[in-house]
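Listed below, chain by chain, are the residues.
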Amino acid sequence: MAEPWQTAEIPGPKKALLITKPKIVSAMIRRAKRPILIVGHESAEIDLNGESLIDYLIRLSKHAGMPIVATAHTVRYFIQRGFRPDAWMPILDVANRLRDPGWSGLDGNGQYDLAIFVGIQYYMEWVVLSGLKHFSPKIKTISLDRFYQPHASWSFPNLNMKDWIACLKVIEEDLKERRG
Amino acid sequence: MTKKEFLVKIEELKTDIGILKNLELSIGKIIEETWKEKPGPTPFPSITDLREWDFKLLRRYRPFYMPFCDVCCLCTFGKCDLTGDKRGACGLNMAAQQSRIVLLACCIGAATHIAHARHLVEHLIEKFGRDHPIDVGGVNVEVEAPVTRLVCGVRPRKLGDLEDVLDYLEGQVTHLLSATHTGQEGSNLDFESKVLHAGMIDQVGMEIADIAQISAYNFPKADPDAPLVDIGLGVVDASKPVIMVIGHNVPPAVEIVDYLQETGLHDMVEVTGLCCTAIDITRYDSKAKIVGPISWQLRYIRSGIPDVIVVDEQCIRADSLIEAQKIKAPLIAASPKNCLGLPDRTNDPADEIVADLVSGKAPGALILDPEKVGEVAVKTAIQVAPKRRKFKAIPDVKDVIEGAKRCRRCNQCRRACPNDLDIPKAIEDAAKGRLERLAELYDECIGCARCESACPEDLPIHSFIVKAAEKKIKEETYKIRAGRGAIQDVEIREVGGPIVFGEIPGVIAFVGCANYPKGGREIAEMAMEFANRRYIVLTSGCAAMSAAMYKNEEGKTPYEIFHGAFDAGGIVNVGSCVSNPHIAGAAIKIASIFARKNLRANYEEIADYILNRIGAVGVAWGAMSQKAAAIASGFWRLGVPVVVGPHGAKYRRMLLGRKDREEDWYVYDARTGEKVYVGPAPEHLFYAAETKEEAMVMIAKLCMRPSDTTKGRAIKLTHYIDLSRRLLGVMPDDIHLFIRTKADIPITMRDEILKILEEKGWKERKIPDPTLLPRLIRRRK
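Note that the coordinates shown come from a computational prediction; the quantities given were computed from them, not determined experimentally.

Once that is clear, we can look at the sheet that holds strand 21 (residues 675-677) of chain B. Residue and element names in this part refer to chain B. Strand order across the open sheet formed by 3 strands is 21-20-23, with antiparallel pairing between neighbours. Where the open sheet ends on each side, the last strands, each with one partner, are strand 21 and strand 23 (770-771). Of the strand pairs in this sheet, strand 20 (residues 666-669) and strand 21 are connected by 3 bridges, and their pairing is antiparallel. Each residue of the ladder has a partner; that of tyrosine 668, found in strand 21, is lysine 675.

Here it is in structure tokens:
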């Protein structure tokens, strides 16, 4: 049984399923009709063996053909790398749109069916995922962070850095391979 | 005041049936009409009188709920699982349950301020008399109680007048609280309307408390040049006996100062304080010192510097008595709301209590007489200081290193830390004799000590951090301007126009608690940035303290760098938590004094004016408490947006606009009745930002209002665009929504923006005389 990273953040009866194998994530991304990747500011502070998590996420987005929404001031880190995210807006704005079945999406083609979150403060992501769990039942959510997020549909358990990096690598490789 | 008590006193009356002696007969109230202003539609509004206004706001700013828990456990039907679209045994769904919890929080907050006001007013009437005049600024402040006038439709002239208002407020809190009972309110939107009502009466309660204490204690009266006072752990003269006051209700602290003055001991004892009591005692005596905001509580107690600790009410650590015992400092509890299990010594002779505290026979005492608190605290401090010799609970470096070696690397400290600070890494370093990482944690530590509670080895981790940061703490010597109280009417006359027309780009109030995501320094940085940009910056409470705790290269603090007038480029400390209504009051007074709107019991119209015309934004970056929730909701109902830090998301409900839904942003043009699109201004009513950078860009954006003149809008856009470029690295993607005519375009960016407008298919639109209220339309087309 996975535990929330912040000890007291006990959610309730419905908890995230564990990503026991990283290929679950790549499979869900492939299966999704309209996935979206939501990237918070902590992504710029996380070092994955010499590269920023931001660099990894840019590649992931390309392999999966998945749009990126940069929250807070994260957009500046993408721009610095010559990559323009599909949108930038506060985390609460994107969450508020995701809970609206009538939202036309970033491209005008309608609501998303899979939202992947990464790099937002644990406690803030925790409540945002709770909002979506309760009020957007049709959208599946994945937390790609290193810590268990019980309000997501799917989340890693609390992982050490080495295991987490290994998982991220598998996801990337799998998406890259299958994309051909 | 419009209501007056009708009182008949008969000393002796002989009748056929007997003799009556000392008969006192009170027959309700009679109306005394001395106020010429015509009463508006909603004097002393009930919990539903402003519901229509609330629903107008809630249609545009829809609640976004982020449940903190999947279940409800408020009655024995439960726990009920409310996940998704489930309903509990009482029939309530998750949305209603979340809004119900928000209402509970706001009722707690409002009740706290109103009860604070009640205690204060009762005490001041006892001391100064019911007829003591309300005077918050002499001839400079004619509108002495703008919120009370607006909400209740009365004009308090004397301390005794405030009691009627408090009667009303207490009744409203009871009604609101009753709505949260199982089987009462069932609609989330009606809960939300009641939340706004709780916020509104909270504002009145705070105003009553502050105008009473300003009037009676002669605090600075709307003084832009209120004295600069010392703040920081490093400012305390530990060679003297030191009294520490914590809390919000200032009479015990005032009596301490009075006793020191009466006995000629004023220069021999240090009076220091934390939280709002500290702010308020420096409004009474500028020689008193503020140690810091609420987060400084543990670190200051454990430093061993205080010889006596006096606690009154609100935001006091529940373990303050335990912590006081660790440093052998007696504790005096001075409020019936916070008795801490201590014996009631109120009626005992002062010297007996002092003897028991000094000898250690009693660790503390409950004394519900502020005057006696003053005497006991001073005598005890003087006698206990030589015995304690500043006995402290902070370990020395050797103990820190030895303690760190016992660390099990279990990570429980980090997992308990609200800010996820990397304590394990710092402890690992400390075990090797390197304390730098521990010292770094000090800047972002909120002082909750959850790390200690979690540690299976019982390591005093917070004390380790404080020890490692010893040098920084000694250098904590700053200046804060004492809370000035109200804004002068003449200041409003001078800046009312530039604010409404948008030429002063906004009024930004940094308020609230100290639950910061990355330390209090961010408050000082944001305040200075906006003051430098010629916004009017206001501060209160813990945020006012954090704004002070910064020095520039010349060693000057923000209150020394920026002026204290309600004018462009000022950093204006209004005072403690209960001084917040001076901020709301300034907005209300702009409508009343500058725009000559009727103020009296005219809530909806004034709120409509503020929402559409006054570019004011509240920022509660470290909001933690239920009081902060109530304060914020008081601003929402008035049409003032509030931004909180990331921890504020835990209030579990935001009020968010959708700029992509054009239909949400139409107002009436009061000149013609035509419905006009005005863009998302302001975009949100309550919103939590992930980072300081995001917040600053949003704050600038939220200052835009439909009534801005083209010149004003261009100035506001300049700041919005500039901050976005600097902090986010991009041109905002929504400027076309805020440009109404080409004259709105900042001149230096004209070509670039015209190109963007062309790409977006932008069309010029009219600038209306905006209102959401059909009854304000002057002539229909």
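Moving on from the coordinates now.
According to the domain assignment, chain B consists of domain 1 (1-34), domain 2 (39-217), domain 3 (234-388), domain 4 (397-459) and domain 5 (478-774). A C-alpha centroid distance of 41 Å is found between domain 2 of chain B and domain 4 of chain B.

Moving on, we come to the sheet that holds strand 2 (residues 35-39) of chain A. All names here are of chain A. Reading across from one edge, 1-9-8-7-2-5-6 is the order of the 7 strands in this open sheet, with parallel pairing throughout. Across the chains shown, the open sheet's two edge strands, defined by having one partner strand only, are strand 1 (17-18) and strand 6 (87-88). Pairing of strand 1 with strand 9 (residues 154-155) involves 2 bridges; the strand directions are parallel. Along strand 9, the bridge assignment pairs leucine 18 with serine 155.

Residue-level contacts link 36 residues of chain B with 33 residues of chain A. Mapped onto the side of chain B that touches chain A, the elements with two or more residues apiece are strand 3 (62-65), helix 13 (412-416), strand 19 (653-656), strand 22 (686-688), helix 26 (692-702) and helix 27 (710-728) of chain B. Of the residues in the side of chain B that touches chain A, the class split is 22 nonpolar, 5 polar and 9 charged.

Attention now goes to the environment of B:Ser178. Residues and elements named next belong to chain B. Assignment of secondary structure puts serine 178 in helix 4 (residues 161-178). For serine 178, a count of 12 C-beta atoms within 10 Å gives the class exposed. Along the sequence, serine 178 and aspartate 769 sit 591 residues apart, while their C-alpha atoms lie 40 Å from each other.

Going from B:Gly78 to B:Lys79, the amide bond is cis rather than trans, its omega being 10°. Residue position: B:Lys79 is located in the loop between strand 4 (71-72) and strand 5 (80-81). Going from B:Ala681 to B:Pro682, the amide bond is cis rather than trans, its omega being -5°. Following the sequence through the fold, B:Pro682 ends up in the loop between strand 21 and strand 22. The backbone of A:Ala72 sits at a positive phi, close to 50°, despite the residue not being glycine. With respect to the secondary-structure elements, A:Ala72 resides in the loop between strand 5 (68-70) and helix 3 (75-80). At B:Asp420, a position not held by glycine, the phi torsion is positive, near 55°. If you trace the backbone, B:Asp420 turns up in the loop between helix 13 and helix 14 (423-431). Judged by the 18 C-beta atoms lying within 10 Å of it, B:Asp420 is partly exposed.

Another aspect to go through is helix 14 of chain B. All names here are of chain B. Buried within helix 14 we find Ile423, Ala426, Ile427 and Ala430. Down the axis of helix 14, the sector holding all buried residues measures 100°, keeping them to one side. Where helix 14 is buried, its residues contact helix 12 (397-405), helix 13, helix 15 (436-441), helix 16 (450-454) and helix 17 (461-468). Within two residues after helix 14, glycine 433 carries a phi angle of roughly 90°, on the positive side.

Calculation criteria
Residues numbered from 1 in each chain as written. Chains lettered and ligands numbered in written order. Predicted model: local features only at pLDDT ≥ 70, side-chain atom pairs only at ≥ 80, totals over all residues. Pairing = 2+ DSSP bridges. Helix = DSSP H or I, 4+ residues; strand = E, 2+ residues; numbered from the N terminus. Domains from an automatic or database assignment. Contact = placed C-beta atoms within 7 Å. Nonpolar A, V, L, I, M, F, W, Y, C, P; charged D, E, K, R; others polar. Buried ≥ 20, exposed ≤ 12 C-beta atoms within 10 Å, placed from the backbone. Arc of directions from axis to C-beta.

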